[in-house]
Amino acid sequence: MLENGGMEDVITPLSSEKFVDEMVRFTPRRVVLQPRQIQTVRLRAFPHNGIHDGEYRTFLNFAVVPNVREMAPLDNKQPGGGLKINLTPVYGVAIPVVLRIGALQVTSRLVGLKVQVNTKNEQVLSMTIEREGSRSARGDLEVLWSASGAKTVQVARIAGVSVLTPLAKRNILLKLRHPEGIGLRHGTLKVRYLDSVDRHVLAEGQLIL
């Protein structure tokens with residue numbers, strides 16, 4: 001994971017990185033799904049003897065395998081000669097698979113809270129989630145706006161925000177929704193980072209506008 005939340009393939013693993021791919025089996029390994037069809041994929045962990053405490057992680061990647069026989073034919077009516085190419089998009093999703101061994105701890109902080117205006121003239125809240133400890137942080141971000149004489153309103157929310165080990169921080173941008181008839185030029189923004197499982201507060205901060 002990169003600091004902007006993007007993902008890239010691991011070419012040379014760091015010494016602190018631990019992978020679970022050799023300790024997890026899954027079935028089926030390939031499926032053919034019709035529209036609206038559901039398929040359950042079962043996973044089972046097999047930790048080996050003598051495994052050290054820590055967080056072991058990998059990604060289960062689901063991707064569409066295009067059928068070359070069903071690709072659209074080339075449009076020979078288009079003018080011009082030379083090389084012609086058909087592009088077939090391949091859609092996929094990567095799901096993190098995490099195995100935690102031992103009593104692991106994590107602490108998180110929200111720093112650098114700042115309201116900015118993006119290129120679409122929309123207000124966005126920028127911040128950085130800092131992570132320390134022996135496991136990843138994962139939670140939901142919610143932003144509440146309050147002001148004297150006004151009702152507290154949720155102006156932003158995003159679920160499933162992770163800071164995966166060994167990443168120490170992740171930068172976040174949240175688009176703010178304006179309460180009807182009220183601007184966000186005054187008041188206080190309260191930000192909470194809530195654990196995705198038991199909803200306890202991992203970190204919180206506030207910004208006075």
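Below, the structure is looked at part by part. Throughout, a residue's number is its position along its own chain's written sequence, starting from 1. Under the rules for a predicted model, residues below a pLDDT of 70 receive no local features and side-chain atom pairs below 80 are neither given nor counted, while totals for whole chains, interfaces and linings still include all residues. For the side-chain quantities, the full set of heavy atoms in the structure was used; hydrogens and water were omitted.

Section: unusual backbone geometry
Here is step 1: In this chain, T27 is followed by P28 through a cis amide linkage whose omega measures -5°.
Here is step 2: Relative to the elements of secondary structure, P28 occurs in the loop between β1 (24-27) and β2 (42-45).
Here is step 3: Residue P166 follows T165 across a cis peptide bond; omega there is 0°.
Here is step 4: Helix numbering and strand numbering both begin at the N terminus, where a helix is a DSSP run of H or I of at least 4 residues and a strand a DSSP run of E of at least 2. You can see P166 is positioned in the loop between β8 (153-163) and β9 (169-175).
Here is step 5: Positive phi is not limited to glycine here, since N121 has a value of about 60°.
Here is step 6: Structurally, the position occupied by N121 is in the loop between β5 (106-117) and β6 (123-133).

A word on the side chain of R170
Here is step 1: Tracing the backbone shows R170 in strand β9.
Here is step 2: Burial classes follow relative accessibility: with a 1.4 Å probe on protein chains only, a residue under 20% of its type's maximum area counts as buried, one over 50% as exposed, and anything between as partly exposed. Counting rule applied: Lys, Arg positive; Asp, Glu negative; His and chain ends not counted. Salt bridge, as applied in this entry: a Lys or Arg side-chain nitrogen positioned within 4 Å of an Asp or Glu carboxyl oxygen. Buried charge without a partner: R170 forms no salt bridge, and the closest opposite charge is E3, 10 Å away.
Here is step 3: In protein, a polar contact means a hydrogen-donor-capable atom and an acceptor-capable atom, both N or O and within 3.5 Å, with residues adjacent in sequence counting only if both atoms are side-chain atoms; elsewhere, any N or O pair within 3.5 Å suffices. At 2.7 Å, the side chain of R170 and the backbone oxygen of S162 are in polar contact.
Here is step 4: Apart from the residues within four sequence positions on either side, R170 is in contact with M1, E3, G5, M127, T128, I129, V161, S162 and V163. Working rule for contacts: check all heavy atoms of both residues, and any pair within 4.5 Å makes them a contact.

Quick look at the sheet that holds β5
Here is step 1: Whether two strands pair comes down to DSSP finding at least two bridges between them. If you walk across this open sheet you meet the three strands as β5-β6-β9, and the pairing is antiparallel. The open sheet terminates on both sides in strands that have one partner only, identified here as β5 and β9. Geometrically, the sheet is characterised by an average inter-axis angle of 20° between neighbouring strands, direction not taken into account.
Here is step 2: In this structure, β6 lies alongside β9, joined through seven bridges in antiparallel fashion. The residue bridging I129 from the neighbouring strand is R170, located in β9. The axes are straight lines fitted to the C-alpha atoms, using for helices just the contacting stretch, and the angles between their N-to-C directions are given from 0 to 180°.

A closer look at the pattern of salt bridges
Here is step 1: According to the stated counting rule, one finds eight salt bridges in the structure shown.
Here is step 2: Of the charged contacts in the structure, one is a salt bridge between E130 and R109, with a shortest N-O distance of 3.2 Å. You can see E130 sitting in strand β6 and its partner R109 sitting in strand β5, a full 21 residues away along the chain.
Here is step 3: R109 gets classed as partly exposed once you look at its relative accessible area, which sits at 35%.
Here is step 4: Ionic pairing is found between R157 and D140, a salt bridge with its closest N-O pair at 3.3 Å. Of the two residues, R157 is situated in strand β8 and D140 in strand β7 (residues 137-146); the sequence distance between them amounts to 17 residues.
Here is step 5: Residues joined by salt bridges that share partners form a network here, namely E55, R57 and R100.

Brief notes about the layout of surface pockets
Here is step 1: Throughout, the protein atoms alone are placed on a 1 Å grid, and a set of points is a cavity if a 1.4 Å probe fits but cannot get out or a pocket if it is open with protein on both sides within 12 Å along at least five of seven lines; lining residues have an atom within 4 Å of a point. Grid points are joined across faces, edges and corners, and a volume is the space filled by probe spheres set on the points. In this structure, the largest pocket spans a volume of roughly 900 Å³.
Here is step 2: M1, M7, R57, F59 and L164 are the residues nearest the centre of the largest pocket, which is lined by 32 residues in total.
Here is step 3: Roughly 740 Å³ of internal volume is contained in the second largest pocket.
Here is step 4: R30, V31, A63, V64 and V65 are the residues nearest the centre of the second largest pocket, which is lined by 21 residues in total.
Here is step 5: The set of elements that each furnish at least two residues to the lining of the second largest pocket consists of β3 (54-63) and β4 (92-101).
Here is step 6: In terms of residue count, the dominant contributor to the lining of the second largest pocket is β3 (four residues).
Here is step 7: Of the residues in the lining of the second largest pocket, the class split is 14 nonpolar, four polar and three charged. Residues are grouped as follows: Ala, Val, Leu, Ile, Met, Phe, Trp, Tyr, Cys and Pro are nonpolar; Asp, Glu, Lys and Arg are charged; every other residue, Gly included, is polar.

Distances and angles like these do not, on their own, reveal function.
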